[in-house]
Amino acid sequence: MTTQTVGTAAGDARITWHRAERARLVLAVSHGAGGGIEARDLQALARALPAHGVTVALVEQPWRVAGKKLAPAPKTLDAGWRGLWPALAEPGLPVVSGGRSAGARVACRTAPELGAHAVLALSFPLHPPGRPERSRAGELLGAGVPTLVVQGGNDPFGRPEEFPEGDFELAEVPGGDHGFAVPRRADLTQEEALEIICDRVAAWTGTLG
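Residues numbered from 1 in each chain as written. Predicted model: local features only at pLDDT ≥ 70, side-chain atom pairs only at ≥ 80, totals over all residues. Heavy atoms only, no water.

1. Description of the state of the cysteines
Inference 1: Using the criterion set out here, one finds zero disulfides in the structure.
Inference 2: Here C108 stays free of any disulfide, with the sulfur of C198 as its closest cysteine sulfur at 20 Å.
Inference 3: We classify C108 as buried; its relative accessible area is 2%. (Disulfide = S-S within 2.5 Å. Buried < 20%, exposed > 50% of the residue type's maximum accessible area, 1.4 Å probe, protein only.)

Given below as structure tokens:
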């Protein structure tokens, strides 16, 4: 594991690299608006995917590196991601652009212009809680590259059955909320929920070539 600081138009960002010995892809994943790269799903992917030939780059956006508690406007988040992209592409491998929640929106919005190989959207916030009329489906559908959405079955930002039909794959974590936490009385444990995420993402990256 190595850490790299990268200057962007939005300030300094930070990449924590979890490298595969024989990497064929880089999966770059960023956090959401309410947390950092310590999120359970991001850490699980960083542990699991290098064994499958995928180098995982956990990205901390400039506002988090600066110690701020609130995420900036979407255009500022996008500017930070654009500034990071050359460092993510530097190993010379195809880059899968990804993130959780707000980070997933950034990955979708910027994928076409940055030439992302694919998009991984973890807990995509399809709409604000209780406001299904404020759909963000256009961002997801506009990614223009192979896309996998991993969504908790009880995510208040959009349950799997709320997603429109489109050119993307969708995997459900039964009972999971927006952070993929599952109730204590659920049919699966928290560890099993994380295994579902890692197994599904590993299988999907194996199809990307």
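So, next bit.
2. Remarks on the packing of aromatic side chains
Inference 1: This model, assessed by the stated rule, comprises three aromatic pairs.
Inference 2: A cation over an aromatic ring shows up here: R19 above the ring of W17, its NZ or CZ 4.5 Å from the ring centre. (Phe/Tyr/Trp six-rings, centres within 6.5 Å; stacked < 30°, edge-to-face > 60°. Lys NZ or Arg CZ within 6 Å of the ring centre and 35° of its normal.)

3. Brief notes about the sheet that holds strand 4 (residues 54-60)
Inference 1: Taking strand neighbours across the sheet as the criterion, the eight strands line up as 1-2-4-3-5-6-7-8 in an open arrangement whose pairing is mixed. Either end of the sheet is taken by a strand with one partner, and the two such strands are strand 1 (2-8) and strand 8 (169-173). In this sheet, neighbouring strand axes are inclined to one another by 20° on average, regardless of whether the strands run parallel or antiparallel.
Inference 2: In the packing of helix 3 (residues 74-89) onto the sheet, the strands contacted are strand 1, strand 2 (11-18), strand 3 (25-30), strand 4 and strand 5 (95-100), and the crossing angle to strand 1 comes to about 130°. (Pairing = 2+ DSSP bridges. Helix = DSSP H or I, 4+ residues; strand = E, 2+ residues; numbered from the N terminus. Axes fitted to C-alpha atoms, helices over the stretch in contact; angles between N-to-C directions. Contact = heavy atoms within 4.5 Å.)

4. Things to note about the packing of helix 3 against helix 4 (residues 102-114)
Inference 1: The contact between helix 3 and helix 4 brings their axes to 10 Å, and the two run at 50°. For the element pair helix 3 / helix 4, the angle class is oblique. Seen from above, helix 3 lies across helix 4 with right-handed handedness. Side by side, helix 3 and helix 4 meet where P74, L77, D78, W81, R82 and W85 of the first sit next to V106, A107, R109, T110, E113 and L114 of the second. (Parallel < 35°, antiparallel > 145°, perpendicular 65-115°, else oblique. Left-handed = near helix turned anticlockwise from the far one by under 90°.)

5. Focus: a negative patch on the surface
Inference 1: Judged by side-chain charge, E191, E192, E195 and D199 come together as a negatively charged surface patch.
Inference 2: Checked against the element boundaries, D199 lands in helix 6 (residues 190-205). (Patch = residues over 30% accessible without salt bridge, like charges linked within 9 Å, V, L, I, M, F, W, Y side chains within 5 Å. Areas by Shrake-Rupley, 256 points an atom, 1.4 Å probe, with all protein chains shown as cover. Salt bridge = Lys/Arg side-chain N within 4 Å of Asp/Glu carboxyl O. Lys, Arg positive; Asp, Glu negative; His and termini not counted. Charge placed at Lys NZ, Arg CZ, Asp CG, Glu CD.)

6. A short note on the pattern of salt bridges
Inference 1: Going through the model one piece at a time under the given rule, you end up with nine salt bridges.
Inference 2: For R109, the salt bridge is made with E139, and the minimal N-O distance between the two is 3.3 Å. Note that R109 is positioned in helix 4 and E139 in helix 5 (residues 137-141), a separation of 30 residues in sequence.
Inference 3: Since its relative accessible area comes to 23%, R109 is described here as partly exposed.
Inference 4: Across the pair E169 and R200 runs a salt bridge, and its minimum N-O distance is 2.6 Å. Remark: R200 occurs in helix 6 and E169 occurs in strand 8; sequence separation between them is 31 residues.
Inference 5: By relative accessible area, which is 26% here, R200 ends up partly exposed.

In short, the description is geometric, and any link to function would need to be established separately.
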